[in-house]
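# Fold and contact review
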Amino acid sequence: MSSMAALRSIFMDGGCFSRFQEESKSLKIRKMPTRFSVVSAAQKSDKSIKVGILGASGYTGVELIRFLANHPYFDISLMTADRKAGQSIGAVFPHLITQDLPDLVAVKDADFSTVDAVFCCLPHGTTQEIIKGLPSNLKIVDLSADFRLRDINDYGEWYGQPHKATELQKEAVYGLTEIYRKKIQSARLVANPGCYPTTVLLPLVPLMNASLIALDNIVIVSNSGVSGAGRSAKEANLYTEISEGIFSYGITRHRHVPEIEQELSNAANSSVTISFTPTLMPMSRGMQSTINIQMAPGVSVEDLKQQLTRFYENEEFVAVLPDNQAPHTKYVQGSNACHINVFPDRIPGRAIIISVIDNLVKGASGQALQNLNLMMGIPENTGLKCMPLFP
C-alpha cells in the first residue's frame, strides 16, 4: 500500500477522521485559542504524504512551504523552479535557510514517482501540458487559471490561446472550498480559484443561492497588494512605479471576470454580468473587494447579513463581522481568513458588501492547502491554524 493510501485508510477507516471532525466542530463552536509550533522532520507522521511544489520559487510556492512546515502529514519531497534549478531553497529565499528541503530542479528533470500529490504554481498557459503529462495517480491542485473556466471557448477568448488539455478540463473541480467542499473531497484535479474571485464569490454566492440580490447592476472595485502580480521582474511593478500611488488596470477585460461570472451564473441558475475594476495598491499583500449590489424586492441589509451569518456560522476561515465593523486587510494578513460585512447604501434598495483576504493565502496557497487536505481525507484546517500577522 502506498503512503498516500495508507494514510487515507488511517483517517477514513481507523476512526481518526471522525475524531478530528469532532475536534474541529468543537473548535468552531467554542472559538478556542490554540498554540502551534513548527513541525520538525522527526515529528512528521511515519506515513507522511509526499508532496511536490511546481514553481516553488514564486510567492505562492514559498507560501506553501511556510504552511507545509507546520503540517504533520505532508512532507515536501520535490520542488521545481526552472530558472533556479540546482539551487537550494535557502539561496532563493534566505528566510528559509534553516529548512531541510530538497534542492530545486527543472520540471523536465523531476521524478514524480516520489510524490503522492502536487501543487502546481506555474503561470497560466504552461500548466496544461505539464499537468497532462503527470502520472494519473497524483492528486493535483493547480493554482494557475488553466482549469478554472469550464467552457474552453471562454478560456481561448480571455487567455488568447486554445486550451491544450480539454479532457482534463472536464474532470477539474473548481476549488472554492466553502462552496464546493463535497466535490473537492472526491476530486483528482482541483482548479484553485483566483484571488479576486475568492473575495467576490464568498459573499455573493450564498446571497445568489437565496435569491436575495438582483442579478444585474453588480459593481465591484477590488484592491490588491503588489504580490498579486507575481515575483517576475516587471517595469510596472518597480518600487518607483508603485509607491505613493494607486492605479487601476485590466479595466473591463481582467481575466478574472469570466471566472466570477461563471460561478455567479451557476449560483443564480441564470446568466450574470458584472462590472469589475481591479486596482493595484502600494502594499505587499492583502486584498479588498467593495461590492455594490441591488437587493431583491422586500429584502433588507439585515436579511443579507443574516443569510451570510447562517451560511458561514460553522466555517473556521470565513467570518461575518459584527455591527458596522469594516473589514481591514491588516486583520487577515498571513492567515487563511476572509472577513465580510454588509452596509446600507445611501441609494435606497442597494447595499455595499466589503470582503478582505490575504491574496497569497486565502486567495492562493492557503486555499490550495485547504483543498488538498480535503482531497486526502485530512481535516481541512491542518497546517492552516496560524494567527494573522499584526501589526
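Below is a summary of the structure that appears in this document. (Residues numbered from 1 in each chain as written. Predicted model: local features only at pLDDT ≥ 70, side-chain atom pairs only at ≥ 80, totals over all residues. Heavy atoms only, no water.)

## Regarding the packing of helix 3 (residues 59–68) against helix 13 (residues 361–375)
When two helices pack together, their arrangement is given by the angle between their axes and by how far apart the axes lie. In contact at an axis separation of 9 Å, helix 3 and helix 13 are set at 50° when each is read in the N-to-C sense. As the angle between them shows, helix 3 and helix 13 are arranged oblique. Pair helix 3 / helix 13 crosses with right-handed handedness. Along its contact with helix 3, which presents Thr60, Glu63, Leu64, Arg66, Phe67 and Leu68, the element helix 13 presents Val361, Ala364, Ser365 and Leu369. (Axes fitted to C-alpha atoms, helices over the stretch in contact; angles between N-to-C directions. Helix = DSSP H or I, 4+ residues; strand = E, 2+ residues; numbered from the N terminus. Parallel < 35°, antiparallel > 145°, perpendicular 65-115°, else oblique. Left-handed = near helix turned anticlockwise from the far one by under 90°. Contact = heavy atoms within 4.5 Å.)

## Here we look at the pairing of strand 4 (residues 139–142)
Residues Lys139 and Val141 point to one face of strand 4 and Ile140 and Asp142 to the other, with burial holding for every one of them. Where strand 3 (residues 117–120) lies against strand 4, four bridges are found, and the strand directions are parallel. Within strand 4, the residue paired with valine 118 across the bridge is isoleucine 140. Sheet topology note: the strand 4/strand 6 (residues 189–191) ladder contains three bridges and is parallel. In the strand pairing of strand 6, aspartate 142 is matched with alanine 191. (Buried < 20%, exposed > 50% of the residue type's maximum accessible area, 1.4 Å probe, protein only. Pairing = 2+ DSSP bridges.)

## With respect to the nonpolar core
Formed by 85 residues in total, the largest nonpolar core has its most connected members in Phe119, Leu204, Ile293 and Leu304. In terms of residue count, helix 9 (residues 195–209) provides more of this core than any other element does, nine residues in total. If near-sequence neighbours (up to four positions away) are discounted, leucine 304 is found in contact with Leu207, Leu212, Ile213, Ile293, Met295, Val299, Val342 and Ala351. By size, the runner-up hydrophobic cluster in this structure holds 18 residues, among which are Leu54, Leu138, Leu168 and Ala191. (Core = buried A, V, L, I, M, F, W, Y, C linked by side-chain atoms within 4.5 Å.)

## What about helix 3?
Along an α-helix, a turn takes 3.6 residues, which lines up residues three or four apart on a common side. With eight of 10 residues buried, helix 3 is to be regarded as a mostly interior element. Residues Thr60, Gly61, Val62, Glu63, Leu64, Ile65, Phe67 and Leu68 constitute the buried set of helix 3. In this fold, the buried residues of helix 3 make contact with strand 1 (49–54), strand 2 (74–80), helix 4 (89–92), strand 3 and helix 13.

## Side note on the environment of asparagine 371
Secondary-structure assignment places asparagine 371 in helix 13. Accessibility expressed as a relative area gives 0% for asparagine 371, which makes it buried. Note: C-alpha distance between asparagine 371 and isoleucine 140 (231 residues apart in sequence) is 9.8 Å.

## What about the sheet that holds strand 5 (residues 173–174)?
Here we have six strands laid out as an open sheet, ordered 2-1-3-4-6-5, and parallel in their pairing. Single-partner strands in this sheet number two, and they are strand 2 and strand 5. Against the sheet, helix 3 touches strand 1, strand 2 and strand 3, its axis set at about 160° to strand 1.

## Some points on the pattern of salt bridges
A complete count under the given rule lists 14 salt bridges for this structure. With a shortest N-O distance of 3.9 Å, lysine 164 and glutamate 129 are connected by a salt bridge. Taken together, the residues lysine 164 in the loop between helix 6 (152–159) and helix 7 (166–171) and glutamate 129 in helix 5 (residues 127–132) connect sequence positions 35 residues apart. With a closest N to O distance of 2.7 Å, arginine 181 and glutamate 380 form a salt bridge. Of the two residues, arginine 181 is situated in helix 8 (residues 177–185) and glutamate 380 in the segment after helix 13; the sequence distance between them amounts to 199 residues. Arginine 181 gets classed as partly exposed once you look at its relative accessible area, which sits at 21%. Relative accessible area serves as the criterion here: at 16%, glutamate 380 is assigned to the buried category. Each of Glu63, Arg66, Arg285 and Asp358 takes part in salt bridges that share partners, so that together they form one network. (Salt bridge = Lys/Arg side-chain N within 4 Å of Asp/Glu carboxyl O.)

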